[in-house]
Amino acid sequence: MSDNELEVFPRAYIAQGNGDLVKVTNLSWGIQNGAKIKHTLRKPGAGATVGPSEVMISFDFLIGEDGFERDYIRDCQQGTIRQLRSKVPGGAVLTTNGVYQSVDLDGPLDDAVKGSCKFVAALEEQRRSLVA
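In this text, all values refer to a predicted model and were calculated from it rather than measured experimentally. (Residues numbered from 1 in each chain as written. Predicted model: local features only at pLDDT ≥ 70, side-chain atom pairs only at ≥ 80, totals over all residues. Heavy atoms only, no water.)

A separate point is the overall build of the protein. Tallying secondary structure elements over the protein gives one helix and nine strands in all. Each helix and strand of the protein, placed in order from N terminus to C terminus, yields the pattern β-β-β-β-β-β-α-β-β-β. Expected size for 132 residues packed as a compact globule is a radius of gyration near 14 Å; at 19 Å, the protein overshoots this value by more than 25%. Relative to its full complement of 132 residues, the protein shows a buried share of 22%. Long-range contacts, defined as pairs at least 24 residues apart, comprise 59% of the intrachain contacts of the protein with a sequence gap of at least 6. A distance of 12 Å separates the average location of the 15 positive side-chain charges in the protein from that of its 17 negative side-chain charges. (Helix = DSSP H or I, 4+ residues; strand = E, 2+ residues; numbered from the N terminus. Rg over C-alpha atoms; globule rule 2.2 N^0.38 Å. Buried < 20%, exposed > 50% of the residue type's maximum accessible area, 1.4 Å probe, protein only. Contact = heavy atoms within 4.5 Å. Lys, Arg positive; Asp, Glu negative; His and termini not counted. Charge placed at Lys NZ, Arg CZ, Asp CG, Glu CD.)

What follows is the structure in structure tokens.
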């Protein structure tokens, strides 16, 4: 690729149930593995331990005139287990199973009614590496 060519950066998508969530405006995805450095009397930083992993997904959404795209509030209230599939460039699909931790709504005076969700989950085993 020469210096003056532009590269295409595709967008990410998120899906729940039988289809993509089309009213989502921002997606944030993170994983933590509970890693800790272990020290001994003779050697600081002697090794490391890794704990169970946990995924946190957050996204913003718009509410159209027909109402919510999915029933996020009821799912959060009842602790319903859901599967979210985050689709990232390169053909990777990050499949997680978890629950909505929180749902926030915002009805500003000069903009669309919108909300945000936080979802805590476990990541399913990846079938292939995300890096080529």
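Two measures describe an aromatic ring pair: the distance that separates the ring centres and the angle between the ring planes. Considering all chains together, one arrives at six aromatic pairs under this definition. Between the aromatic rings of F61 and Y72, the centroid separation amounts to 4.8 Å while the plane-to-plane angle is 40°, which identifies the pairing as tilted. In this pair, F61 sits in strand β6 (residues 54-62) while Y72 sits in helix α1 (residues 72-78), placing the two residues eleven residues apart along the sequence. (Phe/Tyr/Trp six-rings, centres within 6.5 Å; stacked < 30°, edge-to-face > 60°.)

Let's shift gears to the environment of S28. With respect to the helices and strands, the residue S28 is situated in strand β3 (residues 24-32). Note on S28: relative accessible area 41%, which makes it partly exposed. Each C-alpha atom of the pair S28 and F59 lies 6.1 Å from the other, and the pair is 31 residues apart in sequence. Apart from residues no more than four positions distant in its own chain, S28 is found in contact with M56, I57 and S58.

Another point: the sheet that holds strand β9 (residues 114-123). If you trace the seven strands from one edge of the open sheet to the other, you get β2-β1-β7-β8-β9-β6-β3, paired in antiparallel fashion. Of all the strands in the sheet, just β2 (19-20) and β3 have a single pairing partner and so form its edges. As judged from the eight bridges shared by β6 and β9, these two strands associate in the antiparallel manner. Paired with S58 across the two strands is K118, which belongs to β9. (Pairing = 2+ DSSP bridges.)

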